[in-house]
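Observations on the three-dimensional arrangement
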Amino acid sequence: MTGDVRIVPVRRADLSVVGALFEVAFGEPYGEAAMGDLLKPPASFGLMAELDTAAGFAIASVAADEAEILSIGVAPSYRQRGVGRALLRGVVERAAQKGAGRLFLEVGADNPPAAALYDAFGFRQVGLRRNYYRRADGHRVDARILAYTIPQSRPGGRQEVTIP
Ligand SMILES: CC(C)(COP(=O)(O)OP(=O)(O)OC[C@H]1O[C@@H](n2cnc3c(N)ncnc32)[C@H](O)[C@@H]1OP(=O)(O)O)[C@@H](O)C(=O)NCCC(=O)NCCS
């Protein structure tokens, strides 16, 4: 069910909303100032997903022809309704407009819902950082590096799809 998810750009005035979304999505505090640092245009951009209210966010950056998702989260009460997928689509579209051909992200090896989302979307593992994350209880978790090849649009609106 993605039809009624609206994807909108994050503006400076939305930063407190995005910060609140980060906190409910990840269960940890994230300051508005730091969130603003992640959103330094033109290299970085943020998207918000709205249903009846703000439901999720994504922050990404683009350098040359590579894009990276820096953070993505959906409020618990809006999960498994297609919001995460809609945000990924929005990031891909915006990154492609900015000239990116590949989209990267890092995901904890202890995060099956995120892994399922990325796998279903078409991301493939291209690397592993051992013991990269430190969880609240102190234990270390590997980061899997995933990549997605962004389909290039052609004149005439046809899409070339690269099967990873
Ligand atoms: C990961 C996260 C963003 C997914 O958002 P979401 O809106 O629930 O994802 P969607 O509803 O768009 O799911 C799309 C697909 O992902 C998979 N998926 C998502 N959540 C899943 C879960 N809990 N279990 C199994 N599969 C899941 C399914 O294949 C799903 O497709 P389907 O509904 O047609 O079966 C969300 O769980 C979240 O915010 N988690 C906490 C923050 C986080 O871990 N962020 C990612 C850090 S790398």
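Okay, so let's go over this structure. (Residues numbered from 1 in each chain as written. Predicted model: local features only at pLDDT ≥ 70, side-chain atom pairs only at ≥ 80, totals over all residues.)

1. Observations concerning the sheet that holds strand β7 (residues 140-149)
Taken in spatial order, the seven strands line up as β1-β2-β3-β4-β5-β7-β6 in an open sheet, and their pairing is mixed. Looking along the sheet, the strands with just one partner apiece sit at the ends: β1 (6-9) and β6 (124-134). In this sheet, adjacent strand axes meet at a mean angle of 25° when their direction is disregarded. Sheet topology note: the strand β3 (residues 54-63)/strand β4 (residues 66-74) ladder contains eight bridges and is antiparallel. (Pairing = 2+ DSSP bridges. Helix = DSSP H or I, 4+ residues; strand = E, 2+ residues; numbered from the N terminus. Axes fitted to C-alpha atoms, helices over the stretch in contact; angles between N-to-C directions.)

2. Looking at the site of the ligand
Around the ligand, the surrounding shell holds 19 residues, and the nearest of these are Arg79, Gly84, Pro113, Ala116 and Leu117. Looking at the shell around the ligand, the elements with two or more residues in it are α1 (15-26), β4, α3 (83-97) and α4 (112-121). With five residues, α4 is the single largest residue contributor to the shell around the ligand. (Near = placed C-beta within 6 Å.)

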